[in-house]
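The primary structure of each chain is shown beneath.
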Amino acid sequence: MSRYKIYTDGSCIMNPGAGGYAAILVGDNGICEEILGGEALTTNNRMELTAAIVALKKISAGDFAEVFTDSAYLKNAFVQGWLVKWKSNGWKTSAKKPVLNRDLWIELDMLISSRHVKFNWVKAHAGNFFNERCDMLAHAEAEAQKNRAVTPRLPVQLTLF
């Protein structure tokens, strides 16, 4: 069984808008791997969840991972039992509204069920090297997604002489 420290972050420009995610896996062998990506139209919460999903997909079933996130949304779903309550309420919140990002929560729940995962909250922009690096990578990917977006062009009328 391998052990990992995983740092994650998500970013979104004009939430919803162009988004990016980043994860850094630090293995017990000292090897680090950075993973990043994004979407043209998304939300910051979707990017936070996606970062955790892509990172956990990189490790094997049975492995141990300590996930460090500055997202209270992600951490509290597990630490405060929100996910268990949502599932038992038929994917409804305590306010009886549908749980947002249900598709990602289901995927994350499946990944966690076969791994040993502990979630930790870290304060954003507080000098944690890996958190700061994830933030920078996620924001850069969100910017790249924004710049890739195709903007509609008005038709041009040419007059030939």
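Coordinates for the structure precede this section.
No experiment lies behind these values; they were computed from the predicted model shown.

Thresholds applied
- Residues numbered from 1 in each chain as written.
- Predicted model: local features only at pLDDT ≥ 70, side-chain atom pairs only at ≥ 80, totals over all residues.
- Heavy atoms only, no water.
- Helix = DSSP H or I, 4+ residues; strand = E, 2+ residues; numbered from the N terminus.
- Contact = heavy atoms within 4.5 Å.
- Buried < 20%, exposed > 50% of the residue type's maximum accessible area, 1.4 Å probe, protein only.
- Phe/Tyr/Trp six-rings, centres within 6.5 Å; stacked < 30°, edge-to-face > 60°.

Undergrad: Hey, could you run me through the environment of Asn-44 in this one?
TA: Following the sequence through the fold, Asn-44 ends up in helix H1 (residues 44-57). Expressed as a C-alpha distance, the spacing of Asn-44 and Asn-15, which sit 29 residues apart in the sequence, is 6.5 Å. Sequence-distant contacts of Asn-44, defined by excluding residues within four places in its chain, comprise Cys-12 and Asn-15.

Undergrad: Which parts of the structure should I look at to understand unusual backbone geometry?
TA: The phi torsion of most residues other than glycine is negative, and most of the peptide bonds are trans. Note the cis peptide between Asn-15 and Pro-16, where omega equals 0°. With respect to the helices, strands and loops of the structure, Pro-16 is situated in the loop between strand S1 (3-12) and strand S2 (17-27). The backbone phi angle of Lys-96 is positive, close to 65°, even though this residue is not glycine. Located in the positive-phi region is His-125, a residue other than glycine, with phi close to 55°. Among the secondary structure elements, His-125 is positioned in the loop between strand S5 (116-121) and helix H5 (129-148). Classification of His-125 by relative accessible area gives exposed; the value is 57%.

Undergrad: What am I meant to see in the packing of aromatic side chains here?
TA: A full pass over the atoms with the stated rule returns eight aromatic pairs. Here Phe-78 and Phe-119 contribute two aromatic rings whose centre-to-centre distance is 4.4 Å and whose plane-to-plane angle is 5°, an arrangement assigned as stacked. One end of the pair, Phe-78, is in helix H2 (residues 72-79); the other, Phe-119, is in strand S5, and 41 residues separate them in sequence. Judged by its relative accessible area of 22%, Phe-78 falls in the partly exposed class. The buried category is assigned to Phe-119, whose relative accessible area is 7%. One aromatic cluster in this structure is built from Tyr-73, Phe-78, Trp-82, Trp-86, Trp-105 and Phe-119.

Keep in mind these numbers describe shape, not what the thing actually does.
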